[in-house]
Structures are given as C-alpha cells and as structure tokens.
Amino acid sequence: MERKTFQVPSIGCDGCVRTIKNEVSQITGVKTVDGVVDTKIVTVEWDTPATWQQIESALKEIDYAPAPA
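A few points on the structure. Numbers given to residues run from 1 along each chain, matching the order in which its sequence is written. Given that the model is predicted, a residue must reach a pLDDT of at least 70 before its local features are reported, and side-chain atom pairs must reach 80 or more before they are shown or counted; all residues, however, enter totals for whole chains, interfaces and linings. To obtain the side-chain values, all non-hydrogen atoms of the structure were included, while hydrogens and water were left out.

**Re the side chain of Thr43**
1) Next: Secondary structure elements are defined from DSSP: runs of H or I of at least 4 residues count as helices, runs of E of at least 2 residues count as strands, and each element is numbered from the N terminus. Tracing the backbone shows Thr43 in strand E3 (residues 41–46).
2) Next: In this structure the side chain of Thr43 is engaged in a polar contact, spanning 3.0 Å, whose partner is the side chain of Thr5.
3) Next: Once residues lying within four places of it in the same chain are set aside, the contact partners of Thr43 are Arg3, Lys4, Thr5, Thr32, Val33 and Asp34. Within 3.5 Å is the distance limit for a polar contact, defined as a pair of N or O atoms, with the added protein rule that one can donate a hydrogen and the other accept it, and that residues adjacent in sequence qualify only through two side-chain atoms. Any two residues whose heavy atoms approach within 4.5 Å at even a single point are treated as in contact.

**Notes on helix H1 (residues 14–25)**
1) Next: To estimate how far a helix should extend, the number of its residues minus one is multiplied by 1.5 Å. Taking 1.5 Å as the rise per residue, H1 with 12 residues should run 16 Å; its terminal C-alpha atoms sit 16 Å apart, in good agreement.
2) Next: Residues of H1 that are buried: Cys16, Val17, Ile20 and Val24. End-on view of H1: buried residues confined to an arc of 95°, all on one side of the axis. Exposed residues pointing more than 90 degrees away from the buried face of H1 are listed as Asp14 and Arg18.
3) Next: Packing partners of the buried residues in H1 comprise strand E2 (30–36), E3 and helix H2 (52–61). Exposure classes here rest on a 1.4 Å probe applied to the protein chains alone. A residue is buried below 20% of its type maximum, exposed above 50%, and partly exposed in between. It is the directions from the helix axis to the C-beta atoms whose arc is reported.

Right under this line is the structure:
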C-alpha cells in the first residue's frame, strides 16, 4: 500500500474536504482519503491499480490541486 500526505491550498471548508474524499475515493484502488480543513492537509492511501498520477489528476480536475512539493 502506498500513502501520501500533501497540502491542498484551496481547501476552505468541510465541503471542500468532502468533495475531495468523494472524488478520490472513486478511483479503483484508493483505500482511504482523509483531510483536515485547518491545516489544508490531505492523506491518501492506495493500492494498485491506483497511481499517484491518477489521484493528482483527479484533484486538479476538481480544482483541488496539491501544492508543489
């Protein structure tokens, strides 16, 4: 299982976190999606066939792009 924790600067409320969870959870292989509004931090855990590239792409599509590393 892979895990990545990253900041999403455009998170502003619980609805933002809910949208991220709903969208990213639809990717086959994603196990968990957690987000914290106050810190704008999101953690995603996944197995194959999901990839970080798929997750990042999905986040960009819904205007919640991860901050550059």
